[in-house]
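In case you want the letters, here they are:
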Amino acid sequence: MANASVSLGYPTYAFVRPSSAVPHSSKSTLVQKFRDDGIHILEGSLVDHNSLVNAFKQVDIVISAVAIPQHMDQLNIIKAIKEAGNIKRFLPSEFGNEVDRIRSLPPFQRINDIKKTIRRATEEAGIPYTFVSANSCAAYFVDYFLHPRQKPQPEEVIIYGDGLTKAVMNLEEDIASLTIMVATDPRTLNRVVIYKPPMNLISQAEIVSLWEKKTGKYIKRVYWPEDEMIKLSESLPNPKNIPVSILHSIFVKGDQTNYDIGDEDLEALKLYPDYKYTTIEEFLDICLVHPPETKLASFE
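Residues numbered from 1 in each chain as written. Predicted model: local features only at pLDDT ≥ 70, side-chain atom pairs only at ≥ 80, totals over all residues. Heavy atoms only, no water.

If you check an unreviewed UniProt entry, the protein chain appears there as NmrA-like domain-containing protein from Taxus chinensis.

Have a look at this one:
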């Protein structure tokens, strides 16, 4: 998000914990890269109301990208935005399924319900917003399914359900760029924007077949039946039951593709028809030369 904001020419600020800016800390290299790219660093905490208000008074748009354990802390962001009084748009941390349209297995549904809670709190506070449904992060799931960095290449891949359910796989860089674009677009004010480019609607079976074609190597399919996934979501302790519930939602139940984009819906590529997004097939070509360096938290 920060890189996309800078690339599109916007003055960009990053709100970070003081500990992240300390030299030799786990995130100090990232913070220094932000500084090198001209990004302004604001230090504070999601539980420090004054630091939030002071930060928000310096910007026009707030984009939250906090991780799942911090999602409810966004209530503090909403409160601080209300007090600051100058924010023109708030984008809460979502960037996944369209949570108001789906019903998942309980472990994942609890996360979606928290996102819905933040949506409703934002609306009730009267804060100008845009909610983003970006669906699946392509680099993450390609790395998770195919392990393109592994040498030698794995000889088998797990297929969830029958492998034929379509998901929406968008490259993280495209998600970031489109998010900066919708955050500043008057057409998206107080609306949900869905990232659903037609060339990125693809099943797991299709991804594996494309990879076989590009590598020239057959990959054995090991199928994980839906009933076993459901049982595991019920028997594993929290939070170990969440990953299987997410995989079921996306790649078995089809929560990203089992609803239609209506006339009143905003779809990103309809808003920006000239935007050149990376298709999943193009990304697989990139993986042959430069396997993805996944930065997201692992399902393992």
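(A) Summary view of unusual backbone geometry. Residue P152 follows K151 across a cis peptide bond; omega there is -5 degrees. If you trace the backbone, P152 turns up in the loop between α6 (138-146) and β7 (156-160). In this model, N238 is joined to P239 through a cis peptide bond whose omega is 5 degrees. Relative to the helices and strands, P239 is located in the loop between α9 (226-235) and α10 (242-253). One non-glycine residue with positive phi stands out, namely F95, at about 65 degrees. As for its placement among the helices and strands, F95 is situated in the loop between β4 (89-91) and α5 (106-124). (Helix = DSSP H or I, 4+ residues; strand = E, 2+ residues; numbered from the N terminus.)

(B) Representation of the nonpolar core. One finds F141, L146, Y160, M169 and F251 to be the most contacted residues of the largest nonpolar core, which totals 34 residues. Counting only elements with at least two residues in this core, the list comes to α5, α6, β7, β8 (166-170), α8 (204-215), α10 and α12 (280-289). Ranked by residue count, the leading element in this core is α6, at 8 residues. Core analysis: the second largest hydrophobic core is formed by 20 residues, L42, V62, I78 and I81 among them. (Core = buried A, V, L, I, M, F, W, Y, C linked by side-chain atoms within 4.5 Å. Buried < 20%, exposed > 50% of the residue type's maximum accessible area, 1.4 Å probe, protein only.)

(C) The sheet that holds strand β5 (residues 130-133), seen in detail. An order of β5-β9-β12 is seen for the 3 strands of this open sheet, with the pairing classed as parallel. Looking along the sheet, the strands with just one partner apiece sit at the ends: β5 and β12 (266-267). Of the strand pairs in this sheet, β5 and strand β9 (residues 191-194) are connected by 4 bridges, and their pairing is parallel. Bridged to F131 within β9 is V192. (Pairing = 2+ DSSP bridges.)

(D) Here's a closer look at the packing of aromatic side chains. The full count for this structure, using the stated rule, is 9 aromatic pairs. On the numbers, 6.2 Å between centres and 10 degrees between planes, the contact of Y140 with Y144 is stacked. In this pair, Y140 and Y144 are both assigned in helix α6, 4 residues apart and thus about one turn of the helix distant. Each of the two residues, Y140 as well as Y144, counts as buried. With a centroid separation of 5.0 Å and 80 degrees between ring planes, the pair formed by F145 and F251 is classed as edge-to-face. You can see F145 sitting in helix α6 and its partner F251 sitting in helix α10, a full 106 residues away along the chain. The same class applies to F145 as to F251, namely buried. Over the ring of Y259 we find K196; its NZ or CZ atom is 4.4 Å from the centre of that ring. (Phe/Tyr/Trp six-rings, centres within 6.5 Å; stacked < 30°, edge-to-face > 60°. Lys NZ or Arg CZ within 6 Å of the ring centre and 35° of its normal.)

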